[in-house]
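Descriptive analysis of the structure
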Amino acid sequence: SSLGWNGFNVESELRVSLTAMYSVTFITALLGNILLIHIIRLHRPLSSVSILIANMAASDLLTALFAMPYSTAYLYVQHGWFGGIMGSISCKLINFVIGTTIAVSIFALLTISVERYIAVVKPLSYPTFIKRPILLSTAIWFSAVMFMSVFLYVHDIEMESDGATQCLMNWEPLFSNEVSPKVFYTTIAIVLYVLPLFSIAVLSALIIRKLNKTTVSLDGNHLAEHVTITTRKRNHHVMRMLLAVITLFAVCWLPVHVLHILIYFFGGVYVSLPPSVALLLYWVSHANSALNPCVIMLLNGSFRKLLMDILQSFCPKNHRVNHRNHHSPLFVNRTHGCLPRKASKYTVRRNKREPIPPVTILAVKLEGNITNWDL
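Residues numbered from 1 in each chain as written. Predicted model: local features only at pLDDT ≥ 70, side-chain atom pairs only at ≥ 80, totals over all residues. Heavy atoms only, no water.

With respect to the overall build of the chain
For the chain, the count of helices and strands is 10 helices and six strands. By residue count, 39% of the 375 residues in the chain fall in the buried class. Long-range contacts, defined as pairs at least 24 residues apart, comprise 70% of the intrachain contacts of the chain with a sequence gap of at least 6. Split by element, the accessible area of the chain, about 21,300 Å² in all, is 65% carbon and sulfur. (Helix = DSSP H or I, 4+ residues; strand = E, 2+ residues; numbered from the N terminus. Buried < 20%, exposed > 50% of the residue type's maximum accessible area, 1.4 Å probe, protein only. Contact = heavy atoms within 4.5 Å. Areas by Shrake-Rupley, 256 points an atom, 1.4 Å probe, with all protein chains shown as cover.)

Spelled out as structure tokens, the structure:
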């Protein structure tokens, strides 16, 4: 306000382009996060990591429902709002929800990193509260709500001299309009970006170091060896997914924190930015909510399998094939639904020290049916 600036002057070409981009991003985020939450509901066993990912999906879904329409409306009316008590409530609520979703996402990512560190590096000291994901989720949302509750105070509608109503921030009378925003957004950048990402980077480095040092025991206990290998693979896959999501978050949200610093510390520089640059950077931050579910479903093997099952359920019945190669009973090549799957080979291994039994029965479960073959 000290610069006499009321918002970017968005040209029609930029307005149309960003509206189209927000429309595609909104649909992708809406469908992707709903599908991810549904997949997590179907996933068994339901782990702490899955519950925390569901919290991220819920926050991304709220971002799609609140932040994206709000940003699209800004292209046409800037800070323009409607008056009355409903205008005041909606102004406070929308900005509060947008801030809360950002906090939930980073708190959930940090909690997943801590859980993975304890599970891999310090498994014997695994705390009880992490085994109670519902309690953990409640703590994450409560912390985010308390941290962002300041938005319920500072946002409100104001009547301009020309009679127009706008949704703006006003820190007075409890705080200062000059100093308080600088302190608040600096705190947000540190608490919701710098410190969490630094902590996650350190924990991830320790986890990867531990996984690389883990060796398989060769004491003849083949069952223990198999369990060890399976656990290592699962941990590697979870870490790969986590690192991808964290990298996306770091890249997508860095521009917004930089813009906030420019707004409150270098206002003249921010005002001089081309509207296309600033508005595109805001879109990048919101696009993170659409990219997250896609990356998680593609990099998580269990989620990817459930996704394929859901997609194949939409295939026409006359396109569903269940084919078995009859040349060998131990080789099955099947396509379920209209999407082909890789061939699966089943083999039988026998300990040479054991006598050969007269009859060996191999039971293979295929698509819910039990098939017995006599060898």
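Side note on the pattern of salt bridges
For the structure shown, the criterion picks out three salt bridges. For glutamate 115, the salt bridge identified is with arginine 116, shortest N-O distance 2.8 Å. Arginine 116 gets classed as buried once you look at its relative accessible area, which sits at 11%. Where lysine 182 meets glutamate 178, a salt bridge forms, and the shortest distance between an N and an O atom there is 3.6 Å. Residue class for glutamate 178 comes out exposed when judged on its relative accessible area of 52%. (Salt bridge = Lys/Arg side-chain N within 4 Å of Asp/Glu carboxyl O.)

Considering unusual backbone geometry
Here glutamate 172 and proline 173 are connected by a cis peptide whose omega angle stands at 10°. Turning to its location among the elements, proline 173 is positioned in the loop between β2 (165-169) and α6 (180-213). The phi angle at glutamine 78 is positive, at roughly 55°, despite the residue not being glycine. Its place among the elements puts glutamine 78 in the loop between α2 (48-77) and α3 (84-121).

Re the state of the cysteines
Using the criterion set out here, one finds one disulfide in the structure. Linked covalently through their sulfurs, cysteine 91 and cysteine 167 form a disulfide whose S-S length is 1.9 Å. Handedness of the cysteine 91-cysteine 167 disulfide follows from its S-S torsion of about 80°: it is right-handed. With cysteine 91 in helix α3 and cysteine 167 in strand β2, this pair connects stretches of sequence that are 76 residues apart. Across the pair, cysteine 167 and cysteine 91 agree in class, each one buried. (Disulfide = S-S within 2.5 Å.)

With respect to the side chain of threonine 25
Mapped onto the secondary structure, threonine 25 falls in helix α1 (residues 12-42). According to the relative accessible area criterion, threonine 25 is buried, its value standing at 6%. For threonine 25, the contacting residues outside a window of four places in its chain are Met68, Trp283, His286, Ala287 and Ala290.

Things to note about the packing of α1 against helix α10 (residues 301-312)
Axis separation between α1 and α10 bottoms out at 10 Å; the angle between their running directions is 105°. For the element pair α1 / α10, the angle class is roughly perpendicular. Residues Leu35, Leu36, His38, Ile39, Ile40 and Leu42 of α1 lie in contact with α10, whose contacting residues are Phe303, Leu306, Leu307 and Ile310. Grouping the constituent residues of the contact of α1 with α10 by class yields nine nonpolar, one polar and no charged. (Axes fitted to C-alpha atoms, helices over the stretch in contact; angles between N-to-C directions. Parallel < 35°, antiparallel > 145°, perpendicular 65-115°, else oblique. Nonpolar A, V, L, I, M, F, W, Y, C, P; charged D, E, K, R; others polar.)

A closer look at the packing of aromatic side chains
Here the structure, examined in full by the defined rule, presents nine aromatic pairs. With centroids separated by 6.1 Å and ring planes inclined at 80°, the aromatic side chains of tryptophan 171 and phenylalanine 175 adopt a geometry described as edge-to-face. Looking at tryptophan 171, the relative accessible area reads 4%, which means it is buried. Within the aromatic cluster, the residues linked to one another by ring pairs are Phe151, Tyr153, Trp171, Phe175, Phe184, Tyr185 and Tyr264. (Phe/Tyr/Trp six-rings, centres within 6.5 Å; stacked < 30°, edge-to-face > 60°.)

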